[in-house]
Amino acid sequence: MFVYVSGRRCLDFAGTVKHRDSTREELLTQPERLSDWAVQAGLVDRPIDVTDADLAAAIALREAIYRTVIARLDGRGPRPADVTVINEWAVRPRLTPRLHRSGSVSREGSAAQLLASLAADLLDLLTAAEFENVKRCAHAGCTRLYLDSSRAKNRHWCGMSTCGNRAKVQAFRARQRAAHPT
Ligand SMILES: [Zn+2]
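Residues numbered from 1 in each chain as written. Predicted model: local features only at pLDDT ≥ 70, side-chain atom pairs only at ≥ 80, totals over all residues. Heavy atoms only, no water.

K.L.:
Quick question: what am I supposed to make of the nonpolar core here?
P.N.:
If you look at soluble globular proteins, the nonpolar side chains tend to sit buried side by side. L11, F13, L34, W37 and L114 are the most contacted members of the largest nonpolar core, which has 38 residues in total. Among the secondary structure elements, those contributing two or more residues to this core are α1 (9–14), α2 (31–40), α3 (52–73), α4 (80–90), α5 (111–127) and β6 (145–147). Not counting chain neighbours up to four residues away, the residues in contact with L114 comprise L34, W37, A38, L43, I48 and L95. Counting residues in each nonpolar core, the second largest holds 7 residues, with V3, C142, C158 and C163 among its members. (Core = buried A, V, L, I, M, F, W, Y, C linked by side-chain atoms within 4.5 Å. Buried < 20%, exposed > 50% of the residue type's maximum accessible area, 1.4 Å probe, protein only. Helix = DSSP H or I, 4+ residues; strand = E, 2+ residues; numbered from the N terminus. Contact = heavy atoms within 4.5 Å.)

Shown next, in the form of structure tokens:
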């Protein structure tokens, strides 16, 4: 199941591998899953054709995005190979919305346009002042990245429905155990 809690599409995309540091779980297991992800993200209206090669390229880009964000958070520069991958996609044509004569708007494109849009979203984020609010989820095992858009900038979890509630329940149980030792 995909979740979109990161506040930026490039970060949601990086989150399509769960638990990177422990029980790593790949969510993009089939080419169609990339299409599903894009539709559920609202980036395209209808399923797109994704080949095995597109999926491999998507995963390579996703890992480059993840490593590049982590490098920036750690105060390091990105890997040269990741810079190449990201730039190769960022210069390509992106997904484009289209206005129809009926007045409706459709969002469509190819797998390549999807990857170009995600690479461009990362570059927008890296140049934005709000990058200082990009955080790693504090929940043990969760490796999602997110943009903290709360007013006080005091969010600790990627999302309440994903990790926040679990963390609160665990803290509550720990307090109960401390208060009522058996
Ligand atoms: Zn989390």
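K.L.:
Explain the packing of α3 against α4 to me, please; I cannot follow it from the model alone.
P.N.:
Two numbers describe how α3 lies on α4: the axes approach to 9 Å, and their chain directions differ by 120°. Between α3 and α4, the crossing angle belongs to the class labelled oblique. You can see that α3 and α4 cross each other, and the crossing is left-handed. Across the interface between the two elements, A57, A60, L61, A64, I65, R67 and T68 from α3 touch D82, V85, I86 and W89 from α4. Tallied by class, the residues present in the contact of α3 with α4 amount to 8 nonpolar, 1 polar and 2 charged. (Axes fitted to C-alpha atoms, helices over the stretch in contact; angles between N-to-C directions. Parallel < 35°, antiparallel > 145°, perpendicular 65-115°, else oblique. Left-handed = near helix turned anticlockwise from the far one by under 90°. Nonpolar A, V, L, I, M, F, W, Y, C, P; charged D, E, K, R; others polar.)

K.L.:
Help me out: how do you make sense of the pattern of salt bridges in this one?
P.N.:
Pairing is possible between side chains of opposite charge, provided their charged atoms come close. If you walk through the whole model with that rule in mind, you get 15 salt bridges. With a closest N to O distance of 3.1 Å, R98 and E108 form a salt bridge. With R98 in strand β3 (residues 96–99) and E108 in strand β4 (residues 105–108), this pair connects stretches of sequence that are 10 residues apart. In this structure E108 comes out as partly exposed when scored by relative accessible area, which is 26%. Here K135 ties to D148 by a salt bridge, and the two come within 2.6 Å at their closest N and O atoms. Here K135 is found in strand β5 (residues 134–136), whereas its partner D148 is found in the loop between β6 and α6 (160–179), with 13 residues between them in sequence. The partly exposed category is assigned to K135, whose relative accessible area is 22%. If you follow the salt bridges from partner to partner, you end up with R20, R24, E26, R62 and E63 in one network. (Salt bridge = Lys/Arg side-chain N within 4 Å of Asp/Glu carboxyl O.)

K.L.:
Please clarify how the coordination of the zinc ion should be interpreted in this entry.
P.N.:
The protein atoms that coordinate the zinc ion are C137 (SG), C142 (SG), C158 (SG) and C163 (SG), at distances spanning 2.3 to 2.4 Å. Around the zinc ion, the 4 donor atoms are arranged such that angles at the metal cover 104 to 116°; this shape is classified as tetrahedral. Each donor residue of the zinc ion lies on one chain, and together they are spaced C-x4-C-x15-C-x4-C. Taken together, the residues span a long stretch of sequence, with C137 in the loop between β5 and β6 and C163 in helix α6 at a distance of 26 residues. Comparing C137 with C163 shows no difference in burial state: the two are buried. (Donors = N, O, S within 2.8 Å, 3.2 Å for Na, K, Ca; no water. Tetrahedral: all angles 85-135°; square planar, octahedral: opposite > 155°, others 65-115°.)

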